[in-house]
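A look at the structure
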Amino acid sequence: MSLLRVVGSSVGRLVPAAGLSAGCRQAHTLPDLPYDYGALEPVISAEIMQLHHSKHHQTYVNNLNVAEEKLAEAVAKKDVSGVIALQPALRFNGGGHLNHSIFWQNMCPGGSGEPEGALLAAVERDFGSVAAMKQRLSAATVAVQGSGWGWLGFNRESGRLQLATCANQDPLEATTGLVPLFGIDVWEHAYYLQYKNVRPDYVNAIYKVANWADVAARLAAAQK
Ligand code: FE
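Residues numbered from 1 in each chain as written. Predicted model: local features only at pLDDT ≥ 70, side-chain atom pairs only at ≥ 80, totals over all residues.

**Overview of the overall build of the protein chain**
- If you tally the helices and strands in the protein chain, you get ten helices and three strands.
- Starting at the N terminus and walking to the C terminus, you meet the elements of the protein chain as α-α-α-α-α-α-β-β-α-β-α-α-α.
- Buried positions account for 33% of the 224 residues belonging to the protein chain.
- Excluding contacts between residues fewer than 6 apart, the proportion of contacts in the protein chain whose partners are at least 24 apart in sequence is 66%. (Helix = DSSP H or I, 4+ residues; strand = E, 2+ residues; numbered from the N terminus. Buried ≥ 20, exposed ≤ 12 C-beta atoms within 10 Å, placed from the backbone. Contact = placed C-beta atoms within 7 Å.)

Structural data, given as structure tokens:
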């Protein structure tokens, strides 16, 4: 049961369900983008954004809901084997939902300038400079083998910023304990239509639309 509570709470925390009566299991829904599909051009094309959000993210949401339905059935039947067998689907689709929900917020049209205030101070303390942080995050993210994500995260135990990469849709916090602050999706669906095989160009360009104000808010929340 404790396993179920952890999965349920970590996945369900991010996106509140809409419109279901009290007592019903709440389905996850695709969050609206905070900007138009074409708003991140020329860094990310409208075609990529539309497919990425309305098709890929929607599929993670749909499959997460299916997996949670099956989980509820398995729990009701006290089918421990069935519960365990659902964990890969929960990790993949729950992770996909969590990761993309953060990713959309991590970007904004034209970017938000450069890190400021407490975020800037933390970056300079832990990486030396913003440029050095970007260089290290880019290098780690470009080097992800196959599909995955690069992250700037916050280590609650050390109180410091930390970089990490995750394979597939493995969610950062459930996988590493780091609180996700800024993520870069390097699945080919995130860039291939525009950047083809040149992943470094996509990764290096994404800072032009980085929403450091959102990153700073996530850091402040993680430090409470
Ligand atoms: Fe993606």
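**Points about the pairing of strand S1 (residues 148-155)**
- Burial of S1 is extensive: seven of the eight residues sit out of reach of the surface.
- Across eight bridges, the pairing between S1 and strand S2 (residues 160-167) is antiparallel. Residue pairing in the sheet places Gly148 in a bridge with Ala167 of S2.
- Where S1 folds back on S2, the antiparallel hairpin that results is connected by four residues, among which Gly159 adopts a positive phi of roughly 75°.
- Note that S1 and strand S3 (residues 179-185) share six bridges and pair antiparallel. Within the sheet, the bridge partner assigned to Gly150 lies in S3 and is Ile184. (Pairing = 2+ DSSP bridges.)

**Looking at the sheet that holds S1**
- Across the sheet, three strands lie side by side as S2-S1-S3; this open sheet has antiparallel pairing. The outermost strands of the open sheet, each flanked by one partner alone, are S2 and S3. Neighbour to neighbour, the strand axes of the sheet diverge by 25° on average, direction disregarded.
- Running over the sheet, helix H4 (residues 87-105) touches S1 and S3 and is turned about 85° from S3.
- The strands that helix H6 (residues 130-142) touches are S1, S2 and S3; relative to S2, the one it contacts most, it runs at about 15°. (Axes fitted to C-alpha atoms, helices over the stretch in contact; angles between N-to-C directions.)

**Re H6**
- Compared with the 18 Å implied by 1.5 Å per residue over 13 residues, the 18 Å span of H6 between its first and last C-alpha is a close match.
- Restricting attention to buried positions, one finds in H6 the residues Met133, Lys134, Leu137 and Thr141. Down the axis of H6, the buried set is contained in an arc of 95°. They therefore lie on one face.
- Where the residues of H6 are buried, they touch helix H5 (117-127), S1, S2, S3 and helix H9 (199-205). (Expected span 1.5 Å × (residues − 1). Arc of directions from axis to C-beta.)

**A few points about the packing of helix H2 (residues 46-76) against H4**
- It is the contact of H2 with H4, at a shortest axis distance of 8 Å, that shows an interaxial angle of 140°. For the element pair H2 / H4, the angle class is oblique. Here the hand of the crossing between H2 and H4 comes out left-handed. Facing H2, whose interface residues are His57, Tyr60, Val61, Asn63, Leu64, Ala67 and Leu71, H4 presents Ala89, Leu90, Asn93, Gly94, Gly96, His97 and His100. (Parallel < 35°, antiparallel > 145°, perpendicular 65-115°, else oblique. Left-handed = near helix turned anticlockwise from the far one by under 90°.)

**Examining the environment of Leu51**
- Residue position: Leu51 is located in helix H2.
- A tally of 16 C-beta atoms within 10 Å means that Leu51 is categorised as partly exposed.
- Along the primary structure Leu51 and Tyr37 are separated by 14 residues, whereas in three dimensions their C-alpha atoms are 9.4 Å apart.
- Other than its neighbours up to four places away in sequence, Leu51 contacts His56 and His189.

**Focus on H4**
- The terminal C-alpha atoms of H4, which comprises 19 residues, lie 27 Å apart, in line with the 27 Å expected from a rise of 1.5 Å per residue.
- The set of residues buried in H4 consists of Leu90, Asn93, Gly94, Gly95, Gly96, His97, Leu98, Asn99, His100, Ile102, Phe103 and Trp104.

That is the geometry; function is a separate question.
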